[in-house]
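Coordinate inspection notes
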Amino acid sequence: MSYPHLRMRRLRRSEGIRRMVRETVVLPQDLIYPMFVVAGHDRQEPIASMPGVMRYSADRLPAVVREVRDLGISGVLLFGIPEHKDSMGSSAFDSAGPVQQAVQIIKDTAPELVVITDVCMCEYTDHGHCGHLTQDGRVDNDRSLPMLAKEAISHVRAGCDVVAPSDMMDGRVGYIRRVLDEEGFTDTMIMSYAAKYASAFYGPFRDAADSAPQSGDRKSYQMDPPNAREALREVELDISEGADIVMVKPAMAYMDVIRGVRDRFDLPVAAYNVSGEYSMIKAAAEQGWIDEERIVAEVLTGIKRAGADLIITYFALDFARTLVKF
Ligand code: PBG
């Protein structure tokens, strides 16, 4: 026989057929929207390197989170930008801090939304590192743990559902779990940034959160980008310490890691489509070089196809508004 009798193209003949056999569909409920909260009142400030993303003061959140809820997005992930920073990051545990206020306002406005708080010291320390800095400039793992636990407890007291430690100190999931349990917060979940790489893709975030390290870099605590087996070890440890959801971050350059974690473990897997991934697409779209809606749908679908159950993305609102497929 000379003609091709095995025809794959039958499955692609019409949109109806393609839709019927589509293997992966991203739904609004797969998405978590990250938000930056600043101190003060009536503030809504654009972030130059992240077009379309704002920093809001807590009192300006209700309108946005109502839309997030109405679009069917599962939750929000909050980052705080405090008024004052010091070497100990003490504003991280201020019960009237931006994140603590935001949690209460969001829970009052849209109680259905899952409220997740990022737990890290880098937004609150004047040196910009994610934990306690010694005199000689090293980040001290074990002295950072009580600071992180104190921050987590302060977010939980404000009413968040999930704490998400993003500092990459060893043992922090176990430490935070123990302190949460001792304080009676046994129902609070921990979503750990389990495999978080020392990535250049965080550049725009550090502008947005004003959290760039003032000296050195984060390579002694965040993971080395070439390592994938090490990510499995990180995830395994975090699960053994009590993580409820494990995260891989960034997403696009780490799809193999997402797949590896999905294949090896049974817990929900989140992937963080980070600031640099967002800004690259926005910049190219502004130039008219790419079709933003289709690129976003393709990227988010790819992340889900790689194995992520949840996607943390600054595109959550844009995507849920249009729900462009292919
Ligand atoms: C805090 C933190 C960072 C991000 C999330 N939590 C920055 C960093 O580690 O430098 C990055 C998020 C993004 O780029 O969108 N440690």
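Everything below is about the structure shown above.
One structure accompanies this document, and this report is about it. This one's a predicted model, so the numbers in the text were calculated from it and none came from an experiment.

1. Quick look at empty space enclosed by the protein
For the structure shown, the criterion picks out 2 cavities of 30 Å³ or more. Looking at the largest cavity, its volume works out to about 150 Å³. Forming the boundary of the largest cavity are 19 residues, of which C122, K196, Y202, F205 and K249 lie nearest the centre. Listing elements by their share of the lining of the largest cavity, those giving two or more residues are β9 (189-196) and α6 (203-209). By residue class, the composition of the lining of the largest cavity is 9 nonpolar, 4 polar and 6 charged.

2. As for the packing of aromatic side chains
Scanning the model with the defined rule gives 9 aromatic pairs in all. Plain terms: the ring middles of Y193 and Y272 are 6.2 Å apart, the flat faces sit at 40 degrees to each other, and that makes the pair tilted. Highlighted residues: Y193 in strand β9 and Y272 in strand β11 (residues 269-273), separated in sequence by 79 residues. Under the relative-accessibility criterion, Y193 is labelled buried at 0%. One aromatic cluster is present, formed by F36, F79, Y193, F205, Y272, Y278, Y314 and F315 through successive ring pairs. The positively charged end of K196 is found above the aromatic ring belonging to Y202, 5.5 Å away from the centroid.

Definitions and cut-offs
Residues numbered from 1 in each chain as written. Predicted model: local features only at pLDDT ≥ 70, side-chain atom pairs only at ≥ 80, totals over all residues. Heavy atoms only, no water. 1 Å grid on protein atoms, 1.4 Å probe; cavity = no way out; pocket = protein on both sides within 12 Å on 5 of 7 lines; lining within 4 Å. Points joined across faces, edges and corners; volume = space filled by probe spheres on them. Helix = DSSP H or I, 4+ residues; strand = E, 2+ residues; numbered from the N terminus. Nonpolar A, V, L, I, M, F, W, Y, C, P; charged D, E, K, R; others polar. Phe/Tyr/Trp six-rings, centres within 6.5 Å; stacked < 30°, edge-to-face > 60°. Buried < 20%, exposed > 50% of the residue type's maximum accessible area, 1.4 Å probe, protein only. Lys NZ or Arg CZ within 6 Å of the ring centre and 35° of its normal.

From the geometry alone we can't say anything about function, so treat these as descriptive.
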